[in-house]
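Next come the chains, spelled out residue by residue.
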Amino acid sequence: MGFARWLNRTVGFFVFSLLDIADFLLCFTYKTLDYFLESERKPCYCYSPPEAKAKTEKIIVSERGEYSKVVSLTRNKIHFDEISDTLYSRGPSLLTRLSKLVRSVKCFNYRGLIMRGNVVESCDHDESKKKKISKSKKRLMTFNSTVVEKSSTAPRWSDCHCSFCTSWLTSSNRDSLFVKVQQPKDKKKVRDNVVFIHGFVSSSAFWTETLFPNFSDSAKSKYRFIAVDLLGYGRSPKPNDSLYTLREHLEMIEKSVISQFKLKTFHIVAHSLGCILALALAVKHPGAIKSLTLLAPPYYKVPKGVQPAQYIMKEVARKEVWPPMQFGASVLSWYEHLGRTIGLVLIKNHHLIEFVTRLLTLNRMRTYLIEGFLCHTHNGSFHTLHNIIFGSGAKLDSYLDHVRDHVDCDIAIFHGGKDELIPVECSYSVKSKLPRATVHVIPDKDHITIVVGRPKDFARELELIWQRSHST
């Protein structure tokens, strides 16, 4: 085991060093292509906020800590959104280290030694001055323009333009999430509501194609099942000017589900990233939650003195090449432009990939998961990954404390014993914060098959959870 881990990290070092170079080159490639195809060079996160030049209606308020705040200026009000620092500082890449080395060499050769009488001033002296200046500046609140421009809602040239991915543009409710509802024909018989929230690079089909057909007739006659495509996924809106922050995701769920269906009470079933949104909803609507079912919650206990967002990113996106799902998550997390390239190659051709999959499997394999994995935009998935999974790390402790003290409902946690993306320890960490929660580890299932591989069993388990909530 020790040798395998060493080999994984060693190979990963060389592979990710090459990816550092590739992402650096792709940065200039996309700026050139954007200029010729969209008549403007889109800014990216390769530079720190002061270096990013963007003309937008949003500005960044830089403060001490791991967050910057984005101020959205609208006609009626000002919003303060927290964006994760991992967008700008994703750790030292190979090229970053080399550039620092080159600067230090230049510093020594050209500015290193300045003779003033008997005094020798070195570059370190100048650097200490800079540090003192930077520290003094950190005490002040500064305003810098964000790197995301206010743009049209039309998809970018590198995004998919098919009728499925752009269906929200022609919808009468283009400002609301796509919602799939299954309910009794007689709406008066609806006893309660269940809201399903999918995870990262997924869609409502994760629930509608697995659980919805497998609920018992009794459950189908009593419950209204509501599955949403989150902002940026499936058939929901994919605005180019969104930063896909926690506030934006929550407001869209509240507008498209809670307000639209006038929900006074409801159960929540959430997977992976959706668990963060579920906990945030429970904090905002403590009296409305009847039960919380969390699958593979990405909750990491952050050591004291460590920036939560950076710590969680390094835990979730370790620079290792095995297992494949871990490698894919790492590439999407660390490399903005490589992620966009994956979108250009795969997302724009998801219909072809679906066709080839059906052809190779003689139409025996259902391809609904492709809808989640490939029907989104790079802008949406990249920002959601950093601002929700990584950026919400500092908030989860307070969310869990609030749920423990103020939300009176049953809490069930499910985790695949073979989950290679989110470790089982995350679920037990949630249990340590919520003592009344029950943890169910499914031995032979992973991050996806915990639902996809056992839909009938999980449907029965959910029904029992909802029944218990009525009896208490």
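Residues numbered from 1 in each chain as written. Predicted model: local features only at pLDDT ≥ 70, side-chain atom pairs only at ≥ 80, totals over all residues. Heavy atoms only, no water.

Per an unreviewed UniProt entry, the protein chain is named Probable lysophospholipase BODYGUARD 2, and its organism is Camelina sativa.

Undergrad: I'd like to hear about the nonpolar core, residue by residue, with values.
TA: Within soluble globular proteins, side chains that are nonpolar tend to cluster in buried spots. Residues Ile197, Ile268, Leu277 and Leu292 are the most contacted members of the largest nonpolar core, which totals 68 residues. By residue number, the principal contributor to this core is helix α8 (residues 273–284), which donates nine residues. Not counting the four nearest positions on each side in its chain, leucine 292 is found in contact with Ile268, Ala278, Leu279, Ala282, Val403, Cys409, Asp410, Ile411 and Ala412. Phe212, Phe215, Ala412 and Phe458 belong to the second largest nonpolar core, which has 24 residues in total. (Core = buried A, V, L, I, M, F, W, Y, C linked by side-chain atoms within 4.5 Å. Buried < 20%, exposed > 50% of the residue type's maximum accessible area, 1.4 Å probe, protein only. Helix = DSSP H or I, 4+ residues; strand = E, 2+ residues; numbered from the N terminus. Contact = heavy atoms within 4.5 Å.)

Undergrad: Give me the lowdown on the pattern of salt bridges, citing residues and values where you can.
TA: Summed over all chains, the structure comprises 16 salt bridges. Here arginine 340 and aspartate 34 are joined by a salt bridge, their closest N and O atoms 2.9 Å apart. Taken as a pair, arginine 340 in helix α11 (residues 336–345) and aspartate 34 in helix α1 (residues 2–38) lie far apart in primary sequence, 306 residues in all. Exposure class is identical for arginine 340 and aspartate 34. Each is buried. Aspartate 405 is the salt-bridge partner of arginine 404, the closest N and O atoms lying 3.0 Å from each other. Sharing partners across several salt bridges, the network here consists of Asp397, Asp401, Arg404, Asp405 and Lys433. (Salt bridge = Lys/Arg side-chain N within 4 Å of Asp/Glu carboxyl O.)

Undergrad: Help me get a handle on unusual backbone geometry, residues and values and all.
TA: The amide bond that connects tryptophan 322 to the next residue, proline 323, takes the cis arrangement and shows omega of 5 degrees. Within the element layout of this structure, proline 323 appears in the loop between α9 (308–316) and α10 (324–334). Notably, tyrosine 244 is not glycine yet its phi reads approximately 50 degrees, a positive angle. Residue position: tyrosine 244 is located in the loop between β9 (223–228) and α7 (246–259).

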